[in-house]
Amino acid sequence: MNAPGSRLWLAIRFSDLALTALKPDGPTTKPIVVIEKKRVIFANAMAAAAGVTVTMDTTTAQLLSGCEIVERDAVKEQSALHQLSEQLYQFSPYIDRYYSDGLVQSGLLLELSSCLALFGGLASLSKKIFAHLAATPYGFEYGLAHSAQAAWYLSFADYDIVGDEVVGNKAKPLFIERLNKLSIDVLIDYPRAVEALAKTGFKTLGDLALQINGKSISSFRKRLGQDFTDLLCDIYAIDQNLLQNSLFEKPRDIYRPDEWFEQEIQFEYPVTIVEQLEPAIENLLQQLSDYLRKRQQQCQYIEWCIADIYRKKEWLKVNSDEPQSHWQLLYDLTLIQFDNRELPFEVDTIKLICHHSMPLQRRSQLLDFDQNRRRKSSLQDFTITIAKLKARLGDSAVYKLGYRDSRVPEFTNVMLALAEKCNQELPEVHLNSLRPTWLLSKPELIEARRNRLYWHGYLSTLVGPERIIGDWWQEPVARDYFLAKRQDHLPVWIFFNLYDKQWYVHGVFA
Amino acid sequence: MMNMTNIPPETPAPASLEQLLLRDDMWMGHSRRFTARAAVGTGYGELDLGLLNRGWPLSCLVEVCQQGMQGEWQLFTPALLATPGLVALLNPPAIPFSQAFIQAGIDLERMIVLSAAEKNHFIACFIELSRASIGAVLAWQPAEALTYTELRKCQLAAAEGTGLAILFRPASAQQQSSPAALRLYSRIAPTGLEITVFKQKGHLQTQTKPIVLALPEQWAPALPYHALNQQSARLKQDAKPRRLARVIPLRGKP
């Protein structure tokens, strides 16, 4: 079998990803081209037959073939690649992505050497992988080599994987022999190097290999730069360290598949009241908490799904203000949500899903120069209560007050979310004036009874006036404010609106 | 020998009077048992003297009966300034005006406003807030009146916390019984803010006259407008208003 340390990379190049990511329904009978920045980057078979080539401009392509034109969507391509990686994770834990700028093509690179034994040799493993890929709408080419880059370039040549002859000690010379036959045009991502090489008479990679073997790689480094030399070293497995052979191979990246938490509990009897759900909810949340703790993560949003035996489903979303890794608060919030509604049917299963989790934030302490730690900590301790209250009343019903600079009293009063910082700098003009503790949400009109002001009792002005003029650029405000006393001695804040000549009550001193 | 049938059934023995009297929540006219409670000064000397622990009792329900808005901030602002921690306003009757609180020196970062118009939400929130032991909870009873049982729930929750728990109720609630530890009636009178303490746990009420607290000086009439108003009210309707100034045009015919 393969010698320890020898790698075997399979490159899978999705040549039509640009189109299939946009239209995954399969081949159409119409010519279609994918464009980016007004240039064709991919043409399907029909369009290519009509003479459309890559890098042609959009208008020419349309004139040639009358094709449908779609704009490239890199995000969709990435998500398609992600999906493919998720599927191929069953074959190898080492999956890399490769993107070629020059070709506008992407692919996946799989390291297979450690998976051969499990799948019974290369032939049967590759057969399984290709069968799996054939079921997807994406067309692909593949290449096999000792390094990732080499495998990618070999995907441009057509070599079948017949048996296990490409595994083992004789594999590397075989790959290098195959590479030598490739034209230097495959190095399209290094256009300047390719141009320079073509001018100097290099045609194939084999010519490069001859030059390297005859002299040394340093001449390439001098002319074509470090990047290109690194590529050549990678392809031909040349150790660049002159003094000592490297002890270790370049480590492979282990692919991290998507993970989410999903657990369900089935009841032995139909559940009709919320109390009977509670043990199951607690159990599931404990499992979630366990899951999060082991991964050092926390979550902010969970979903519950209750279902009956007829597969009727109902979803319940629970959101917490701050990320949690313990279950207690989520439990309380869930119960508040369940308290506010009745079970729509006899529940047979309850499922807890948590799709997104985030790494536990490092606990850090801010430097406290203005001595407000005490206040901060009191708000921190109160977080859980606030979360419960918000779950019950809704986010908008729990707020803080702040001051905003304005002349008009009602505009100076702002309702803020609890996390926001409120402004408490009151300018001199407001600081030394009479201000009521209660502000009516809307000024209330004062009646005139027997030539006197009347609002739940006769009013008589005590202090004033204070003229407030402002907001002339929007809805102009001009008011004369007074402190008035009602019949029952209640001090109220009233104003005379200079625009509509009416009296209003605006606040109460209490 | 004892057999299974001889084991007496597990019924709790009837509580004796002594046991009942040992209970902390039992109200006995004059009793010094309650004096050890924590309290925060009201900021008004006469009022402190009238209260059992020389201040607003902490971790028990204080009920203030009043007609609408009647000087509640005058009454509690000194105590709020003296207590640390958050101040929660549950179901306030109007919007608290931030400028007035900045003037009074109350840190707005400490103040949380919650609106819970429905009774069940109100009670749940009150219980949650009192238990959380925040500095003070000031709650205004929702439109639907609270029953004795619900008030009892609030009192128990307040006893679990360590902060001030104040419940404002309409003046009519004065006639109903309530488990609150301290109940008072407040109204603004011409002389000041009148406070009548009509129930105080552990203290037989001997107060006959209401305590009058002075209102801020700024509220006193600064200009004699109201005197003018009263004078003008006494004047006859047909009386001609006095001419304040004469306008003499400089040009043209007089």
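Residue indices follow the written sequence of each chain, beginning from 1 at its first position. Lettering for chains starts from A, numbering for ligands starts from 1, and both go in the order in which the items are written. Local features in this predicted model are restricted to residues of pLDDT 70 or higher, and side-chain atom pairs are both shown and tallied only at a pLDDT of 80 or more, whereas totals for entire chains, interfaces and linings draw on every residue. Remark: hydrogens and water are excluded; side-chain values derive from all non-hydrogen atoms of the structure.

So, on to the overall build of chain A. Numbering of helices and strands runs from the N terminus; a helix is a DSSP stretch of H or I covering at least four residues, while a strand is a stretch of E covering at least two. Helix and strand counts for chain A come out as 18 helices and 21 strands. The buried share of chain A, reckoned over its 510 residues, is 47%. The contacts in chain A between residues at least 6 apart in sequence include a share of 59% that link residues at least 24 apart. Carbon and sulfur atoms make up 51% of the accessible area of chain A, which amounts to about 28300 Å² in all. Three labels apply to residues, based on accessible area from a 1.4 Å probe with only protein chains included: buried if under 20% of the type maximum, exposed if over 50%, partly exposed otherwise in between. Working rule for contacts: check all heavy atoms of both residues, and any pair within 4.5 Å makes them a contact. Method for areas: the Shrake-Rupley scheme with a 1.4 Å probe, in which residue coverage is limited to the protein chains shown.

The quantity known as pLDDT measures the predictor's confidence residue by residue, on a range of 0 to 100. When the pLDDT values of chain B are averaged, the result is 80; 76% of them are 70 or greater. Here residues 235–239 of chain B scores under 50 on pLDDT; set against residues more than four positions off or in separate chains, the count is 1 contact.

Bringing the packing of aromatic side chains into the picture now. Planes of paired rings set the category: under 30 degrees apart is stacked, over 60 is edge-to-face and the rest tilted, where pairs are Phe, Tyr or Trp rings (Trp by its six-membered ring) whose centres lie within 6.5 Å. Enumeration over the complete set of coordinates arrives at 28 aromatic pairs over all chains. Geometrically, the ring pair formed by Tyr89(A) and Tyr255(A) is tilted, given 5.7 Å between the ring centres and 50° between the ring planes. Residue Tyr89(A) is found in the loop between helix H4 (74–88) and strand E5 (95–100), and its partner Tyr255(A) is found in the loop between helix H12 (226–236) and strand E8 (261–271); the two are separated by 166 residues along the sequence. Owing to a relative accessible area of 12%, Tyr255(A) belongs among the buried residues under this scheme. Here the aromatic cluster, defined as three or more aromatic residues joined through ring pairs, consists of Trp438(A), Trp56(B), Trp73(B), Phe76(B), Phe101(B), Trp140(B) and Phe168(B). Lying across the ring of Tyr159(A), Arg178(A) places its NZ or CZ 4.2 Å from the centre. Only when the NZ atom of a Lys or the CZ atom of an Arg is both within 6 Å of the ring centre and within 35 degrees of the ring normal do we say a charge sits over the ring. Directly above the ring of Tyr454(A) sits Arg449(A), whose terminal nitrogen or CZ lies 3.6 Å from the centroid.

Let's shift gears to a nonpolar patch on the surface. Residues and elements named next belong to chain B. Among the surface-exposed residues, Leu 17, Leu 20 and Leu 21 lie close enough to one another that they form a single nonpolar patch of about 250 Å² accessible area. Within the secondary structure, Leu 20 sits in helix H1 (residues 17–22). Assessed through its relative accessible area of 35%, Leu 20 is described here as partly exposed. Candidates for patches are residues over 30% relative accessible area with no salt bridge; among them, like charges are joined within 9 Å and nonpolar side chains (Val, Leu, Ile, Met, Phe, Trp, Tyr) within 5 Å. By convention in these notes, a salt bridge is any Lys or Arg side-chain nitrogen within 4 Å of a carboxyl oxygen on Asp or Glu.

As a further point, take the nonpolar core. Note on terminology: a nonpolar core comprises buried Ala, Val, Leu, Ile, Met, Phe, Trp, Tyr and Cys residues joined through side-chain atoms within 4.5 Å. If you look at the biggest cluster of nonpolar residues, it comprises 63 residues, and the most contacted ones within it are Leu10(A), Ile129(A) and Tyr153(A). Dropping the residues within four chain positions of it, Leu10(A) is found in contact with Leu108(A), Leu109(A), Leu110(A), Leu112(A), Ile129(A), Phe130(A), Tyr142(A), Gly143(A), Leu144(A), Ala151(A) and Ile161(A). If you look at the next biggest cluster of nonpolar residues, it comprises 58 residues, including Trp455(A), Val62(B), Ala94(B) and Leu108(B).

Here the focus is the sheet that holds strand E3 (residues 39–43) of chain A. All names here are of chain A. Strands are labelled as partners when DSSP assigns at least two bridges between them. Here 3 strands make up an open sheet; going across it, the order is E3-E2-E4 and the pairing mixed. The open sheet has two edge strands with one neighbour each: E3 and strand E4 (68–71). Strand-to-strand twist of the sheet, defined as the mean angle between neighbouring strand axes without regard to direction, takes the value 40°. The pairing of strand E2 (residues 32–36) with E4 spans 4 bridges and is parallel. What sits directly across from Val 34, in E4, is Val 70. Axis angles are defined between N-to-C directions and span 0 to 180 degrees, where every axis is a line fitted to C-alpha atoms and, for a helix, only to the segment in contact.

Glancing now at the environment of Ser172(B). Inspection of the secondary structure assignment puts Ser172(B) in the loop between strand E8 (164–170) and strand E9 (182–189). Each C-alpha atom of the pair Ser172(B) and Gln67(B) lies 8.2 Å from the other, and the pair is 105 residues apart in sequence.

Further remarks concern the environment of Trp315(A). All names here are of chain A. When you line up the elements, Trp 315 lands in strand E10 (residues 313–324). Sequence-wise, Trp 315 and Glu 303 are 12 residues apart; in three dimensions their C-alpha atoms are separated by 6.9 Å. Non-local contacts of Trp 315, meaning those with residues more than four positions away in its chain, are made with Glu 303, Trp 304, Cys 305, Arg 341 and Ile 353.

Attention shifts here to the interface of chain B and chain A. With 51 residues of chain B at the contact, the number on the chain A side is 58 residues. Buried area between chain B and chain A, summed over both chains or domains, comes out near 4800 Å², and the portion from carbon and sulfur atoms is 66%. Once two parts are brought into contact, the accessible area they lose, counted with a 1.4 Å probe and summed over both, makes up the buried area. A per-residue breakdown of the area chain B buries against chain A is headed by Phe97(B), Glu109(B) and Trp219(B), which together make up 16% of the total. On inspection of chain B and its partner chain A, the count reaches 3 salt bridges. Where Glu128(B) meets Lys388(A), a salt bridge forms, and the shortest distance between an N and an O atom there is 3.4 Å.

Attention now moves to the side chain of Gln105(A). Residues and elements named next belong to chain A. With respect to the secondary-structure elements, Gln 105 resides in strand E6 (residues 105–111). The buried category is assigned to Gln 105, whose relative accessible area is 12%. At 2.8 Å, the side chain of Gln 105 forms a polar contact with the side chain of Arg 13. If near-sequence neighbours (up to four positions away) are discounted, Gln 105 is found in contact with Arg 13, Phe 14, Ser 15, Tyr 98, Tyr 99, Ser 100 and Trp 152. Pairs of N or O atoms are called polar contacts if they sit within 3.5 Å, as long as, within protein, a hydrogen donor faces a hydrogen acceptor (for residues adjacent in sequence, only side-chain-to-side-chain pairs).

All names here are of chain A. For helix H3 (residues 58–65), the full list of buried residues reads Thr 58, Ala 61 and Ser 65. Taken down its axis, H3 places every buried residue within 65° of arc, on the same side. When the buried face of H3 is taken as reference, the exposed residues oriented beyond 90 degrees from it are Thr 59 and Leu 63. Buried residues in H3 make contact with E2, E3, helix H2 (45–49) and E4. The opening residue of H3, the one whose side-chain oxygen lies 3.2 Å from the backbone nitrogen of Thr 59, is Asp 57. Gly 66 occupies a position one or two residues after H3 and carries a positive phi of about 60°. What the arc measures is the spread of directions leading from the helix axis to the C-beta atoms.

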